[in-house]
Amino acid sequence: MSFHNEFTEMFGVEHPIVCGGMLAVGTAELISAVANAGALGFLSALTQPTPEALAQEIARCRDLTDRPFGVNFTILPTIEPVPYDEYRAAIIDSGVKVVETAGSNPAPHLPAFREAGVKVVHKAVAVRHALKAEALGVDAVSIDGFECAGHPGQDDVPGLVLIPAAARRLRIPVIASGGFATGSGLVAALALGACAINMGTRFEATEEAPIHPNVKAQIVANDERGTQIVFREFGNTARVARNTVSQDIARIGARPGAAFSDVAELASGRRGRRRVLQEGDVEGGMWWAGQAQGLIERVESCETVVRTIVEDAEEIIRGRLRRQLAPTADVASTGAG
């Protein structure tokens, strides 16, 4: 059995599994390993300090794999202006053929990507946003359920509802994101109408992820309750790992009249990257993780993660579901009841 479908054909990969862009994590070491495992990974453009550094990272990834990979192009309001046009040019000039857009409306960048023959996957957290992206001409949508790490939006719709709601209305391929880490999740996503799954937290807990081993161990130790919702009061809901810092952020944010400036130091991305991801103090800052933590039992290589998910999914379809349905079939065949 194989899972070749419109996703694998469109992006030229072996398996319908994605490692979406993760700031400070989506580097050549991880993304080349994802690609070599037959999945589709996205380098994080803004992890690189300059467009020139991004071009070098793309070249470095090509040195590590001869398989397809893409670049995540996240567009967000920032205190210091980001030269997005120059980052886009670095992507195109480097010959990358698939981009994952996220954050703000990607419309200003789509003509240049389209002219260069770059396929665009846009991340959305609501069906209405996915439909807008489809109307703009993106090639696929990654739909993020409430279980996901990062920014799941304000609607709080879990994947079990959001994925089929999107698949029912969209004509382009749908990638399911949020809470995926196992073969059963892949089977469920395909049954709900998606053509692939996107995993972030699962790929953080891999040997190749460029983060401190303490963080990987904490992901394995955490259960499905090991996340914290923050920033809701500021209209920017985010799901992060539960620790003393994220709990303090939630507590301060819940105070009447609280402003983001009240938690800005605690929530600093620079602090989280240095103290947590680099130095390994899992209580030292805010860091991103989803509810899929409760499904992750060990740190493994990307190749093992992808192979196990695919093999488990095949076994579920070939064996487990058939065995679960067999008693019903036996009763029906005997006319009992």
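The sections below set out a description of the structure shown in this document.

Let's talk about the overall build of the protein chain
Stage number 1. If you tally the helices and strands in the protein chain, you get 13 helices and ten strands.
Stage number 2. In terms of C-alpha radius of gyration, the protein chain reaches 20 Å, essentially the compact-globule figure of 20 Å for 337 residues.
Stage number 3. The C-alpha extent of the protein chain, read off along each of the three principal axes, is 70 × 50 × 35 Å.
Stage number 4. Buried residues in the protein chain amount to 52% of all 337 residues.
Stage number 5. Across the protein chain, contacts joining residues at least 24 apart in sequence account for 62% of those joining residues at least 6 apart.
Stage number 6. If you sum the accessible surface of the protein chain, you get close to 15200 Å²; carbon and sulfur atoms cover 51% of it.

Remarks on the packing of aromatic side chains
Stage number 1. This model, assessed by the stated rule, comprises six aromatic pairs.
Stage number 2. A centroid spacing of 5.9 Å and a plane angle of 80 degrees characterise the contact between Phe73 and Tyr84, whose relative ring orientation is edge-to-face. One end of the pair, Phe73, is in strand 3 (residues 70-75); the other, Tyr84, is in helix 4 (residues 84-93), with eleven residues separating them in the sequence.
Stage number 3. What makes Phe73 buried here is its relative accessible area of 1%.
Stage number 4. Chaining the aromatic ring pairs together yields one cluster made of Phe73, Tyr84 and Phe113.
Stage number 5. The side chain of Arg239 reaches across the aromatic face of Phe146, ending 4.7 Å from its centre.

Focus: the sheet that holds strand 7 (residues 174-177)
Stage number 1. Taken together, the eight strands give a closed barrel; going around it, the order is 1-2-3-4-5-6-7-8, and neighbouring strands pair in parallel fashion. For this sheet the average axis-to-axis angle between neighbouring strands, irrespective of direction, equals 25 degrees.
Stage number 2. In this structure, strand 2 (residues 40-44) lies alongside strand 3, joined through three bridges in parallel fashion. Within strand 3, the residue paired with Phe42 across the bridge is Gly70.

About the thresholds
Residues numbered from 1 in each chain as written. Predicted model: local features only at pLDDT ≥ 70, side-chain atom pairs only at ≥ 80, totals over all residues. Heavy atoms only, no water. Helix = DSSP H or I, 4+ residues; strand = E, 2+ residues; numbered from the N terminus. Rg over C-alpha atoms; globule rule 2.2 N^0.38 Å. Buried < 20%, exposed > 50% of the residue type's maximum accessible area, 1.4 Å probe, protein only. Contact = heavy atoms within 4.5 Å. Areas by Shrake-Rupley, 256 points an atom, 1.4 Å probe, with all protein chains shown as cover. Phe/Tyr/Trp six-rings, centres within 6.5 Å; stacked < 30°, edge-to-face > 60°. Lys NZ or Arg CZ within 6 Å of the ring centre and 35° of its normal. Pairing = 2+ DSSP bridges. Axes fitted to C-alpha atoms, helices over the stretch in contact; angles between N-to-C directions.

The values reported here are purely geometric and, on their own, carry no functional implication.
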